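Residues per chain, in single letters:
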Amino acid sequence: PSASEILKQLQSPEMYSNMKWKDKAELISQLGNKASKEDGMHVRPQALNIIQDALGGKNANVHVLRSALIAAGLIGVSMGTDLIKQSSWKTIMIETIKLLKNKQCFSLAKKVLEQ
């Protein structure tokens, strides 16, 4: 599926709320990979909003958090300095810093922040 198709699945409230954590993690991972490519440039702002929601959600599954961190890193590197213009980026950074306290996500959060 294209980045736009993945985005539609993740943006649909009915689909997202009924989705299993494994499917969410897989879709977020695919979205990060596709949005970080040149032809995925147009979905990056919306992809960052999805990542922001995944990182800031209550009781988020660790696999979903890890996929969101990886996707944030991929998109962040591909956007370069344009990244700071995105309103969701501040929240993503704050949530990533909070994950430094999480034993299961610590090393990945640290790696994303180093990028």
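Here's what I pulled together on the structure shown here. (Residues numbered from 1 in each chain as written. Predicted model: local features only at pLDDT ≥ 70, side-chain atom pairs only at ≥ 80, totals over all residues. Heavy atoms only, no water.)

Counting secondary structure elements, the chain contains 7 helices and 0 strands. Radius of gyration (C-alpha) of the chain: 13 Å, near the 13 Å computed for a compact globule of 115 residues. Here the C-alpha coordinates of the chain stretch approximately 35 × 35 × 20 Å along the principal axes. Across the 115 residues that make up the chain, the buried fraction comes to 40%. Contacts spanning at least 24 positions in sequence make up 62% of the contacts within the chain whose residues lie at least 6 apart. (Helix = DSSP H or I, 4+ residues; strand = E, 2+ residues; numbered from the N terminus. Rg over C-alpha atoms; globule rule 2.2 N^0.38 Å. Buried < 20%, exposed > 50% of the residue type's maximum accessible area, 1.4 Å probe, protein only. Contact = heavy atoms within 4.5 Å.)

Here we come to helix α5 (residues 62–79). Its 18 residues give α5 an end-to-end C-alpha distance of 25 Å, which sits within 8% of 26 Å, the value for a rise of 1.5 Å per residue. G80, located one to two residues past α5, shows a positive phi value of around 60 degrees. (Expected span 1.5 Å × (residues − 1).)

Attention now goes to the side chain of S36. Topologically, S36 is positioned in the loop between α3 (21–35) and α4 (44–56). Excluding anything up to four places from it in sequence, S36 contacts R44, L74, I75 and S78.

In this fold, L83 is placed in the loop between α5 and α6 (87–98). The exposure class of L83 is buried, given its relative accessible area of 8%. For the pair L83 and P45, spaced 38 residues apart in sequence, the C-alpha separation works out to 9.0 Å. Residues in contact with L83, not counting those within four places in the same chain, are L48, G76 and W89.

A turn of α-helix holds 3.6 residues, and therefore any two residues three or four places apart point the same way. Within α6 the residues assigned to the buried category are S88, W89, I92, E95 and T96. Within α6, the buried residues cover an arc of 130 degrees as seen down the axis, which keeps them to one side. Counted as exposed and oriented over 90 degrees from the buried face of α6: S87 and K90. For α6, the elements touching its buried residues are α4, α5 and α7 (106–114). (Arc of directions from axis to C-beta.)

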